[in-house]
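Structural description and commentary
Each chain is listed here by its residues.
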Amino acid sequence: MITVNKENLPVHIGFIMDGNGRWAQKRGLPRKFGHREGAAAFRKIARYCKKIGIRYITFYAFSTENWSRPKDEIDELMKLFGEYIDEVSDYAEENTRLIFLGDKSAFGKEMADKMSELERNSRDFSDMTLMLAMNYGGRNDIVHAARQIAAMVENKEIRHTDVDESLISGLLYTGGIPDADLIIRPSGEKRLSNFLIWQSAYAELYFTDVLWPDFTPKELDKALEDFASRKRRFGGV
Ligand code: IPE
Ligand code: IPE
Ligand code: MG
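Criteria and thresholds
Residue positions are counted from 1 within each chain, in the order its sequence is given. To read the labels, note that chains go from A and ligands from 1, taken in the order they are written. Owing to the predicted nature of the model, reporting of local features is limited to residues with pLDDT of at least 70; listing and counting of side-chain atom pairs is limited to 80 or more, with chain, interface and lining totals taken over all residues. In computing side-chain properties, one takes all heavy atoms of the structure into account and sets aside hydrogens as well as water. One speaks of a salt bridge when a side-chain nitrogen belonging to Lys or Arg is within 4 Å of a carboxyl oxygen belonging to Asp or Glu. What counts as a helix is a DSSP run of H or I of at least four residues, what counts as a strand is a run of E of at least two, and both are numbered from the N terminus. Throughout this description, buried means an accessible area under 20% of the type-specific maximum (1.4 Å probe, protein chains only), exposed means over 50%, and partly exposed covers the range between. Only heavy atoms matter for contacts: two residues are in contact if any of them lie within 4.5 Å across the pair. Here, the term nonpolar core denotes a set of buried Ala, Val, Leu, Ile, Met, Phe, Trp, Tyr and Cys residues that are joined through side-chain atoms within 4.5 Å. Any residue with at least one heavy atom within 4 Å of a molecule or strand is counted as near it. The definition of a polar contact used here is a pair of N or O atoms within 3.5 Å, where within protein one atom must be able to donate a hydrogen and the other to accept one, and adjacent residues in sequence count solely through side-chain atom pairs. To measure how exposed things are, a 1.4 Å probe is used in the Shrake-Rupley method; for residues, cover is taken only from the protein chains shown. In this analysis, the protein atoms alone were mapped onto a 1 Å grid. Cavities are point sets where a 1.4 Å probe fits without being able to get out; pockets are open sets with protein on both sides within 12 Å along at least five of seven lines; lining residues have an atom within 4 Å of a point. Grid points are joined across faces, edges and corners, and a volume is the space filled by probe spheres set on the points. Think of each axis as a best-fit line through the C-alpha atoms, taken over the contacting stretch in the case of a helix, with angles from 0 to 180 degrees between the N-to-C directions. An angle below 35 degrees is read as roughly parallel, one above 145 as roughly antiparallel, one from 65 to 115 as roughly perpendicular, and any other as oblique. It is the rotation of the near helix from the far one that decides the hand of a crossing: anticlockwise by less than a right angle makes it left-handed, clockwise makes it right-handed. Here the term charged refers only to Asp, Glu, Lys and Arg, the term nonpolar to Ala, Val, Leu, Ile, Met, Phe, Trp, Tyr, Cys and Pro, and the term polar to all other amino acids, Gly among them. Between the rings of Phe, Tyr and Trp (Trp by its six-membered ring), a pair exists once the centres lie within 6.5 Å; its type follows the angle of the planes, with under 30 degrees stacked, over 60 edge-to-face, and the other angles tilted. Over a ring means this: the NZ of a Lys or the CZ of an Arg is within 6 Å of the ring centre and within 35 degrees of the ring normal.

1. Section: the pattern of salt bridges
Think of it this way: side chains of opposite charge can pair up when their charged atoms draw near. What the rule picks out here adds up to 18 salt bridges. We note a salt bridge from Arg36 to Glu83, for which the minimum N-O separation is 3.2 Å. In this pair, Arg36 is assigned in helix H2 (residues 31–52) and Glu83 in helix H3 (residues 71–87), connecting sequence segments 47 residues apart. One salt bridge in this structure joins Arg230 and Glu204, with 3.0 Å as the shortest N-O distance. Here Glu204 lies in strand S6 (residues 204–207) and Arg230 lies in the segment after helix H7 (217–228), a separation of 26 residues in the sequence. You can call Glu204 buried: its relative accessible area is 15%. Salt bridges sharing partners connect three or more residues here, namely Asp18, Arg22, Arg185, Glu189 and Arg191.

2. A word on unusual backbone geometry
We note that Lys156 has phi near 60°; this positive angle belongs to a residue other than glycine. If you trace the backbone, Lys156 turns up in the loop between helix H5 (138–154) and helix H6 (165–171). Even without being a glycine, Leu196 presents a positive backbone phi close to 40°. Structurally, the position occupied by Leu196 is in the loop between strand S5 (182–185) and S6.

3. Comments concerning the environment of Arg139
Tracing the sequence through the fold places Arg139 in helix H5. Classification of Arg139 by relative accessible area gives exposed; the value is 63%. Residues Arg139 and Met152, 13 residues apart in the sequence, show an inter-C-alpha distance of 20 Å. Excluding residues that lie within four positions of it along the chain, Arg139 makes contacts with Asn194 and Ile197.

4. A word on the nonpolar core
Core analysis: the biggest nonpolar cluster contains 42 residues, and Phe15, Ile57, Phe59, Met134 and Leu220 have the highest contact counts within it. Among the elements that line this core, the one with the most residues is H2, at 7 residues. What Ile57 contacts, discounting residues up to four positions off in sequence, is His12, Ile13, Phe15, Ala46, Cys49, Met128, Thr129, Leu130 and Met131. Listed in part, the 15 residues of the second largest apolar core include Met131, Ala133, Ile177 and Ala180.

5. A short note on the site of ligand 2
Near ligand 2, the surroundings consist of Ile16, Met17, Asp18, Tyr60, Ala61, Phe62, Asn66, Arg69, Arg185, Arg191 and Ser193. Between ligand 2 and the protein, one listed contact pairs an oxygen atom with a side-chain N or O atom of Arg69 at 3.2 Å. One nitrogen or oxygen atom from the side chain of Ser193 is found 2.6 Å from an oxygen atom belonging to ligand 2. Surface burial for ligand 2 is 79%, taken as the share of its 390 Å² of free accessible area covered by protein chains.

6. Focus: the layout of surface pockets
It is a probe the size of a water molecule, rolled over the atoms, that shows where empty space is left. Considering only enclosed or pocket space, the largest pocket measures out at about 610 Å³ in volume. As for the largest pocket, its lining consists of 33 residues, and the residues nearest its centre are Met17, Asn20, Tyr60, Ala61 and Phe62.

7. Topic: the packing of H2 against H7
For the pair H2 and H7, the least separation of the axes is 10 Å and the interaxial angle reads 50°. Taken together, the axes of H2 and H7 lie oblique to each other. Along this stretch, H2 crosses H7, giving a crossing that reads as right-handed. Across the interface between the two elements, Ile45, Tyr48, Cys49 and Ile52 from H2 touch Pro217, Leu220, Asp221 and Leu224 from H7. Among the residues forming the contact of H2 with H7, the class breakdown is 7 nonpolar, no polar and 1 charged.

8. As for the packing of aromatic side chains
Centre distance and the angle of the planes are the two values used to describe a pair of aromatic rings. Applying the stated criterion across every chain, the model contains 15 aromatic pairs. Measuring from centroid to centroid gives 4.8 Å for Phe15 and Phe59, while their planes differ by 10°, and the two rings are stacked. With Phe15 in strand S1 (residues 12–16) and Phe59 in strand S2 (residues 56–63), this residue pair connects regions lying 44 residues apart in the sequence. Each member of the pair, Phe15 together with Phe59, is buried. The rings of Phe15, Phe42, Phe59, Tyr84, Trp212 and Phe215 are connected pair by pair, giving a single aromatic cluster. Residue placement shows Arg27 over the ring face of Trp23; its charged tip is 3.9 Å from the ring centre.

Taken by themselves, the reported measurements are silent on function.
As structure tokens, this is what we get:
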């Protein structure tokens, strides 16, 4: 049942899927069980967002800093990503566009090719755009854009005075996607951890102590209700 007020919905929501490890540890289970539950929560939340008419959703699945985790945990996460990518290889029915944010090459050629193919095949799907930030870091996103700009100047395609905010925005991994309106972080941490730092310049932030595997559509409704009550001024009065 949809209880959320359809007015004042954010256009683009970013989810920092945090707290999987603690969810498992609380139950005396290895961390990987938390990642499995987290993946299930991700699927449920993505489906619910589509149902209530959210146009753009971004999920932070793996940061550029997460490579510092133990190998067996990374292996488990890679296994889960692989399973998801195989599962969505037929996305036609869903009419959902899929975009991966971050440098895909870190996942190996086979997986990177599948990711690019999914992006190509879903390019014209327009009900919702689902972005998965994998091997993503906000600073790396900006460096990646800066390098493209440096090459354009070097090749004399543009002059340094042509560099402006819209040029940079367009060259980020999220090029063409509206900025985030709402960033949701569960698990009690109150930081962005290098997620969409450029794109969240004017995002509303919502923090909750609920751990990501326990984040249900009902929890999302609470965040949406809170968002609807915020006064966004964008520097105005
Ligand atoms: C999942 O939560 C986020 C990923 C990096 C995949 P964590 O694994 O960070 O869980 P906690 O913060 O240790 O509880
Ligand atoms: C942020 O969570 C990254 C993802 C959710 C993918 P972390 O657990 O890595 O963040 P920190 O280390 O607590 O800042
Ligand atoms: Mg964490």
